[in-house]
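# Chain and residue survey
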Amino acid sequence: MGLSKLNGLYREVILDHANHPHNKGKLPTATNAMTLHNPTCGDTINLQVDVADGKIRDIAYTGEGCTISQASASMMTEAVKGKTVDQALSMAKTFSDMAIGKQHSDADLQQLGDAQILTSIMEFPARIKCATLSWWALQRALLKQGNEEED
Amino acid sequence: MANSINKARADFPILDQRVNDERLVYLDNAATVQRPTPVLQKLMDFYQHDNANVHRGVHTLAERATKDYEQARVKVQHFINAQSSDEIIFTKGCTDGLNLVASTYGEQNVHAGDEIVISIMEHHSNLIPWQQLAIKKGATLKYIGLTPDGELDMNDAKRQITDKTKIVAVAHASNVLGVVNPLRELAELAHSHGAVLVGDGAQAVPHMPVDVSALDVDFYAFSGHKMMSPMGIGVLYGKADLLRAMPPYQYGGEMIGDVHRQESTWADIPFKFEAGTQNIAGAVGLGAAVDYLDELGMENIQQAEQDLVDYVLPQLEELPYVTVYGPQDPSHHTGVIAFNLNGLHPHDVATALDMDGVAVRAGHHCAQPLMEELGLTATARASFYFYNTKQDADQLIKAIKETKEFFNGGTF
């Protein structure tokens, strides 16, 4: 088999997001923020969200980690920008569910944009945490007010 | 004897399988090693013929189980050359042993203003118990640094260890840098300041001859599962006079002398530290593992691993895109090799190697202060045991080259 199966995980679009991340940086106007660490590997994401009138007006992140975690953060921020908080939370739930193998409707998946590609992560159970880290950060940032840090 | 080491691979059927349609190359031995058939057979025999609780019963099975359990203690005593089997305490593992020392000896002997000295290369198991003890007691936790080649800086050790130092705790071999630390010298240094030396032997005991008497360590902890025993068993060695003066670790059955309504007395060592029903089969399995290691000979095991490192390390260092951490000289390196492929996260590397059948670890290896010292967040780590072969090493090198090609040459 060799590395051929890797093509499924590291699709071109994923590598592109990892190499040219979208929305990477800091957001001076952030209303909500959350820093999450994956203590087993040391990956970090610092997510900043600018929420106004129940909508995600802008979103950005900084962090360090593997290709999957960085690509996932890039895709996630792209997918939720301009969405309402409720929509974004529902997308985060869809992504987390997909990553652990739960089924969702095609319409739910379409919502995820590029990020739906990363649901192939379920074939690599050891890497699920890498892909979900940014979505968990999003959920926590939106559900809790202010700036917080959690492990 | 080299021959019998080669034949030993046949005792590990788990190694003879395919993973992701490739020949399995198990190089995560620093995390846990595989068990040979004689150890597994001993466990089966114990549970099928002799299983009973120890030290309590007067019936035949209880006697057999007690004999097996206590024989394992004597085997471990001889294996590490302790003065007496009373100095061998069975624990859950290395972490448990280190916590035991921190919670008993540390609790009793460390006070506000005292110092505890460890090294920057410590595994979290030999770091957090001391850090928490220092916080609780108002003591200072100090770190011995590294030389530029990633070895323990003994000049710094001489600066850090002072008359205020009560405990020095250092790994015998690093689980990241692949270096062996001079415990004997550290013991002398600690003793000259009135401190005790605690050795973390997790990465040493399975791989080289260890003589706690010659090292003159005061405490020495290691895990069974890294030396082919069942999981959940380990050993704490302690000098008898120190152990006798220490309070118990946990209270309950089996560790008591007399129990009265308002007060109790404790059993003698080692039972004072073995409250409750122990991992008896684990200890019996550990005894079998000691027999197995003795038969192969620890010098032969050490040589076999050195031969593998001599073979693979120069090949890794020759790859321009690979960085190896720790000493670059194979003769200063154990079978633990931490490395990175430039520009690639070690998690991505580990997933790619797994697709080629090669099992390595990726992450901070429970040594975050060391990662910080090295300016890294994580590394990949290949760790060899005596049953690994040059063919395994070749497959690792080939997989690394393919990984580089996949991410940087594009097979899309």
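The next point concerns the overall build of chain B. Secondary structure summary: chain B contains 14 helices and 17 strands in total. Here chain B has a C-alpha radius of gyration of 22 Å; the compact-globule value for 412 residues is 22 Å, and the two agree. In terms of overall dimensions, chain B has C-alpha extents of about 75 × 55 × 35 Å along its principal axes. For chain B, buried positions account for 59% of its 412 residues. Sequence-distant contacts in chain B: of pairs separated by 6 or more residues, those separated by 24 or more amount to 70%. Per element, the accessible surface of chain B, about 16200 Å² overall, is 49% carbon and sulfur. The positive charge centre, built from 31 side chains, and the negative charge centre, built from 53, are 4 Å apart in chain B.

With that out of the way, let us pick up the pattern of salt bridges. Residue and element names in this part refer to chain B. Following the criterion strictly, the structure yields 22 salt bridges over all chains and no others. Across the salt bridge formed by Glu70 and Arg73, the nearest N and O atoms sit 2.8 Å from each other. Here Glu70 and its partner Arg73 are both found in helix H3 (residues 60-79), 3 residues apart, which amounts to about one turn of the helix. With a relative accessible area of 1%, Arg73 lands in the buried category.

This paragraph deals with a nonpolar patch on the surface. Nonpolar side chains collect at one region of the surface, where Tyr251, Ile256, Val259 and Trp266 of chain B lie side by side and expose about 410 Å² of accessible area between them. Accessibility expressed as a relative area gives 54% for Val259 of chain B, which makes it exposed.

On to the interface of chain A and chain B, then. Interface extent is often summarised as the accessible area lost during association of the parts. Contact residues are listed per partner, giving 24 residues for chain A and 21 residues for chain B. Between chain A and chain B we count 1 salt bridge in total. Note that Arg127 of chain A and Asp348 of chain B form a salt bridge whose closest N and O atoms lie 2.9 Å from each other. Where chain A packs against chain B, one counts 7 residue pairs in polar contact (both at pLDDT 80 or more). Put simply, the parts of the chain that give the side of chain A that touches chain B at least two residues each are helix H1 (6-9), helix H2 (12-19) and helix H3 (67-80) of chain A. A total of 3 residues in the side of chain A that touches chain B trace back to one element, the largest contributor, which is H1 of chain A. Of the residues that constitute the side of chain A that touches chain B, the class distribution is 12 nonpolar, 6 polar and 6 charged.

Here we take up the side chain of Asp97 of chain A. Residue and element names in this part refer to chain A. Mapped onto the secondary structure, Asp97 falls in helix H4 (residues 85-99). With relative accessibility at 9%, the residue Asp97 sits in the buried group. Aside from chain neighbours lying at most four places away, what touches Asp97 is Lys102 and His104.

The subject of this paragraph is the layout of surface pockets. Space inside the largest pocket adds up to approximately 520 Å³. Taken together, 26 residues make up the lining of the largest pocket; nearest its centre are Ala126 and Arg127 of chain A together with His347, Ala350 and Val360 of chain B. The element contributing the most residues to the lining of the largest pocket is helix H12 (residues 346-355) of chain B, with 5 residues. Classifying every residue of the lining of the largest pocket gives 12 nonpolar, 8 polar and 6 charged.

A separate point is the confidence of the model for chain A. Scored by pLDDT, chain A has a mean of 87; 95% of the residues are at 70 or more. Mean pLDDT per element in chain A: strand S4 (residues 146-150) of chain A is the minimum at 52, and strand S3 (residues 55-64) of chain A is the maximum at 95.

To continue, consider the sheet that holds strand S7 (residues 165-171) of chain B. All names here are of chain B. The 7 strands are arranged S4-S10-S9-S8-S7-S5-S6 in an open sheet whose pairing can be described as mixed. On the outer flanks of this sheet lie strand S4 (88-91) and strand S6 (140-144), each paired with one strand and no other. The average undirected angle you get between the axes of adjacent strands in this sheet is 20 degrees. The sheet contact formed by S4 and strand S10 (residues 234-238) spans 4 bridges and is antiparallel.

Phe90, Leu186, Tyr220, Met228 and Phe386 of chain B are the most contacted members of the largest nonpolar core, which has 80 residues in total. For this core, the element with the most residues is helix H10 (residues 280-296) of chain B, which contributes 11 residues. The residues touching Leu186 of chain B, leaving out its near neighbours within four places in the chain, are Ile144, Leu152, Met154, Ala157, Ile161, Val170 and Leu197 of chain B. One finds Met76 and Phe95 of chain A together with Leu319 and Phe407 of chain B within the second-largest nonpolar core, a separate group that totals 78 residues.

Quick look at H3 of chain B now. What sets the pattern is the α-helix's 3.6 residues per turn: residues three or four places apart point alike. Residues and elements named next belong to chain B. With 20 residues, H3 should cover 28 Å at 1.5 Å per step; its first-to-last C-alpha distance of 28 Å lies within 8% of that length. All of the buried residues in H3 are Ala62, Ala65, Thr66, Asp68, Tyr69, Ala72, Arg73, Val76, Gln77 and Phe79. Residues of H3 that are buried in the fold lie against helix H2 (37-50), S4, strand S9 (219-223), S10, H10 and helix H11 (298-318). Of the residues flanking the end of H3, it is Asn81, one or two places downstream, whose phi is positive at about 55 degrees.

On the surface, a cluster of negative charge is contributed by Glu12, Asp16, Glu78 and Asp114 of chain A. Position of Glu78 of chain A among the secondary structure elements: in helix H3.

The rules behind the values
Residues numbered from 1 in each chain as written. Chains lettered and ligands numbered in written order. Predicted model: local features only at pLDDT ≥ 70, side-chain atom pairs only at ≥ 80, totals over all residues. Heavy atoms only, no water. Helix = DSSP H or I, 4+ residues; strand = E, 2+ residues; numbered from the N terminus. Rg over C-alpha atoms; globule rule 2.2 N^0.38 Å. Buried < 20%, exposed > 50% of the residue type's maximum accessible area, 1.4 Å probe, protein only. Contact = heavy atoms within 4.5 Å. Areas by Shrake-Rupley, 256 points an atom, 1.4 Å probe, with all protein chains shown as cover. Lys, Arg positive; Asp, Glu negative; His and termini not counted. Charge placed at Lys NZ, Arg CZ, Asp CG, Glu CD. Salt bridge = Lys/Arg side-chain N within 4 Å of Asp/Glu carboxyl O. Patch = residues over 30% accessible without salt bridge, like charges linked within 9 Å, V, L, I, M, F, W, Y side chains within 5 Å. Polar contact = N/O pair within 3.5 Å; in protein donor to acceptor, adjacent residues only side chain to side chain. Nonpolar A, V, L, I, M, F, W, Y, C, P; charged D, E, K, R; others polar. 1 Å grid on protein atoms, 1.4 Å probe; cavity = no way out; pocket = protein on both sides within 12 Å on 5 of 7 lines; lining within 4 Å. Points joined across faces, edges and corners; volume = space filled by probe spheres on them. pLDDT = per-residue confidence, 0-100. Pairing = 2+ DSSP bridges. Axes fitted to C-alpha atoms, helices over the stretch in contact; angles between N-to-C directions. Core = buried A, V, L, I, M, F, W, Y, C linked by side-chain atoms within 4.5 Å. Expected span 1.5 Å × (residues − 1).

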